[in-house]
Amino acid sequence: MATVHHILRRAEEDEELNCGAGGGSDELFGLRVASIFIIMVGSMFGALFPVLAKRTRWLSSHVPNGLFEFAKYFGSGVIIATAFIHLLDPGLEALGSPCLAPGWSDYPYALAIALLSIFLIFIVELIAFRWGTAKLAKLGVSHDAHGHGVGSHAAHGPESNRQLGGDSSNPQEIAQIEKFPTDVESNASQHKALASHYDDHAVVDSAITQIIGVGILEFGVVLHSVLIGLTLAVDPDFKVLFVVIVFHQTFEGLGIGSRLACMELPQKYNYVPILGALIYGVTTPIAGLGVRSTYNPGSTTASIVSGVLDSFSAGILIYTGLVELLAHEFLFNKEMINGSNAKLAYAIGCMLLGCGIMALLGRWA
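Residues numbered from 1 in each chain as written. Predicted model: local features only at pLDDT ≥ 70, side-chain atom pairs only at ≥ 80, totals over all residues. Heavy atoms only, no water.

Remarks on the packing of helix H8 (residues 238-261) against helix H12 (residues 341-361)
So, step 1. Put simply, H8 and H12 touch, their axes get as near as 10 Å, and they point 150° apart. By the angle between their directions, the pair H8 and H12 is classed as roughly antiparallel. H12 is crossed by H8, and the crossing has left-handed handedness. On H12, the residues touching Val 244, Phe 247, His 248, Phe 251 and Glu 252 of H8 are Ile 357, Met 358 and Leu 361.
So, step 2. Among the residues forming the contact of H8 with H12, the class breakdown is 6 nonpolar, 1 polar and 1 charged. (Axes fitted to C-alpha atoms, helices over the stretch in contact; angles between N-to-C directions. Helix = DSSP H or I, 4+ residues; strand = E, 2+ residues; numbered from the N terminus. Parallel < 35°, antiparallel > 145°, perpendicular 65-115°, else oblique. Left-handed = near helix turned anticlockwise from the far one by under 90°. Contact = heavy atoms within 4.5 Å. Nonpolar A, V, L, I, M, F, W, Y, C, P; charged D, E, K, R; others polar.)

Thoughts on the nonpolar core
So, step 1. Leu 217, Ile 256, Leu 260, Met 263 and Leu 317 are the most contacted members of the largest nonpolar core, which has 31 residues in total.
So, step 2. Elements with a minimum of two residues in this core: helix H2 (29-55), helix H4 (65-94), helix H5 (109-138), helix H7 (184-234), H8, helix H9 (271-290) and helix H10 (300-331).
So, step 3. Those residues in contact with Leu 317 that lie beyond four places of it in its chain are Ile 79, Thr 82, Ala 83, Leu 87, Leu 217, Gly 220, Val 221 and Leu 322.
So, step 4. Membership of the second largest hydrophobic core comes to 9 residues, among which are Ala 71, Val 244, Leu 254 and Leu 361. (Core = buried A, V, L, I, M, F, W, Y, C linked by side-chain atoms within 4.5 Å. Buried < 20%, exposed > 50% of the residue type's maximum accessible area, 1.4 Å probe, protein only.)

Quick look at the packing of aromatic side chains
Think of a pair of aromatic rings as described by two things: how far the centres are apart, and how the planes are tilted against each other in angle.
So, step 1. Considering all chains together, one arrives at 7 aromatic pairs under this definition.
So, step 2. Geometrically, the ring pair formed by Phe 74 and Phe 251 is edge-to-face, given 5.4 Å between the ring centres and 65° between the ring planes. Note that Phe 74 is positioned in helix H4 and Phe 251 in helix H8, a separation of 177 residues in sequence.
So, step 3. An aromatic cluster is present here, built from Phe 70, Phe 74, Phe 247 and Phe 251 joined pairwise through their rings. (Phe/Tyr/Trp six-rings, centres within 6.5 Å; stacked < 30°, edge-to-face > 60°.)

A closer look at the UniProt feature "transmembrane region" (unreviewed entry) in the chain
So, step 1. When the UniProt feature table is mapped onto this chain numbering, "transmembrane region" (unreviewed entry) sits at residues 29-49, 70-88, 108-129, 211-234, 240-257, 269-291, 311-332 and 344-364.
So, step 2. In residues 108-129, helix accounts for 95% and strand for 0%; the two terminal C-alpha atoms are 32 Å from one another. (UniProt positions renumbered as here; feature names shortened; annotations may be inferred.)

Re the side chain of Ser 306
So, step 1. Note that Ser 306 resides in helix H10.
So, step 2. On the basis of relative accessible area, Ser 306 is assigned to the buried category, the value being 11%.

A word on a nonpolar patch on the surface
So, step 1. On the surface, Leu 115, Phe 119, Phe 122, Ile 123, Leu 126 and Ile 127 cluster together into a nonpolar patch covering about 570 Å² of accessible area.
So, step 2. By secondary structure assignment, the location of Leu 126 is in helix H5.
So, step 3. Take Leu 126: its relative accessible area is 41%, and that puts it in the partly exposed class. (Patch = residues over 30% accessible without salt bridge, like charges linked within 9 Å, V, L, I, M, F, W, Y side chains within 5 Å. Areas by Shrake-Rupley, 256 points an atom, 1.4 Å probe, with all protein chains shown as cover. Salt bridge = Lys/Arg side-chain N within 4 Å of Asp/Glu carboxyl O.)

A short note on the confidence of the model for the chain
So, step 1. Chain-level pLDDT for the chain is 75 on average; 68% of the residues reach the 70-or-more range.
So, step 2. Summarising per-element confidence for the chain, the mean pLDDT is lowest in helix H1 (residues 2-16) (42) and highest in H12 (94).
So, step 3. Low pLDDT, under 50, characterises residues 147-169; the stretch is placed with 72 contacts to residues that sit more than four places away or in other chains.
So, step 4. Here residues 173-188 is a poorly scored stretch, pLDDT under 50, and it has 8 contacts once near neighbours within four places are set aside; other chains count. (pLDDT = per-residue confidence, 0-100.)

Observations concerning the packing of H4 against H10
So, step 1. At their nearest, the axes of H4 and H10 sit 7 Å apart, and the two run at 150° to each other. The orientation of H4 relative to H10 falls into the category roughly antiparallel. The crossing of H4 and H10 is left-handed.
So, step 2. Here the residues of the contact of H4 with H10 sort into 16 nonpolar, 9 polar and 3 charged.

Remarks on the pattern of salt bridges
So, step 1. The final tally for this structure, using the stated rule, is 3 salt bridges.
So, step 2. Where Arg 259 meets Glu 329, a salt bridge forms, and the shortest distance between an N and an O atom there is 2.9 Å. Within this pair, whereas Arg 259 is found in helix H8, its partner Glu 329 is found in helix H10, the two being separated by 70 residues in sequence. Across the pair, exposure class does not vary: Arg 259 and Glu 329 are buried alike.
So, step 3. Residues Lys 343 and Glu 335 are paired through a salt bridge, measuring 3.3 Å at the closest nitrogen-oxygen approach.
So, step 4. In this structure Glu 335 comes out as partly exposed when scored by relative accessible area, which is 24%.

In structure tokens:
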């Protein structure tokens, strides 16, 4: 009798299971279209607000620095929770779909892809830092790969050995000043000009390493946003999912925006943080609008694609969250190491709050 019941239940599941092509639910079409613009506003606000608050004179004078610090640490927690709850778990689920061939269940492919992603990102960053450090060494400038400076963050730039108007670290320059003491003022002027030349090169090289670091983070977040847009466009449980995703995308935007705002770039690269925020803001709505009538999230192809992308993105955000954000913000940051216990507790509390809220949203989306 139990066997018959099992067979009947399996037959009902097979009837409900749709592994083919075709779109998802067509209910609440008007609200689905409106959600595109609502989510775009939420995503844009979350990503652009920290950038504009840091870079525009009016906002920077009206937004307290404490709010910006809160957004930075809160965003770090959001990104870490996104990696595990919103990417790795869906990746495991998608690559374990009953629509896939039995071979997919013989090995934890989602975890393997995430592991591969972590090491790929590590190698890319390692090569980028070695290349940048070698270029700076030719200019006589040291590079602090850990970002030990005050307020440091991922992919921070050089800590120059030269200081404008300070003591020279070049033995030849010191000897020249000692040999001609009457020309100290002239040498100091020349030294300032030389230091400015070195610092200009250092800033450019630092900008490249910063763009690579934040670009890797944004790549993982944007892939996730595309998949969210696809799901939102066709999921039958739209109302609950819509509310959750509005908060989800706003908080995630706050995380990426706070990282973009921390970038210290020369004038010609000032557009990069704003461009990064705009790209994040439009990915979810465009993805949902483009495939609403053709995308079936339960199909074999969709399960493989979303599973691979989720797992790969999870690896990116795990590496970025734990190494670039957690380690650089707390373990390798002099401001945290030498700061008060209250400041450290506040920063950790903000991060745990962001992580907790984002993890809780994983209950519904």
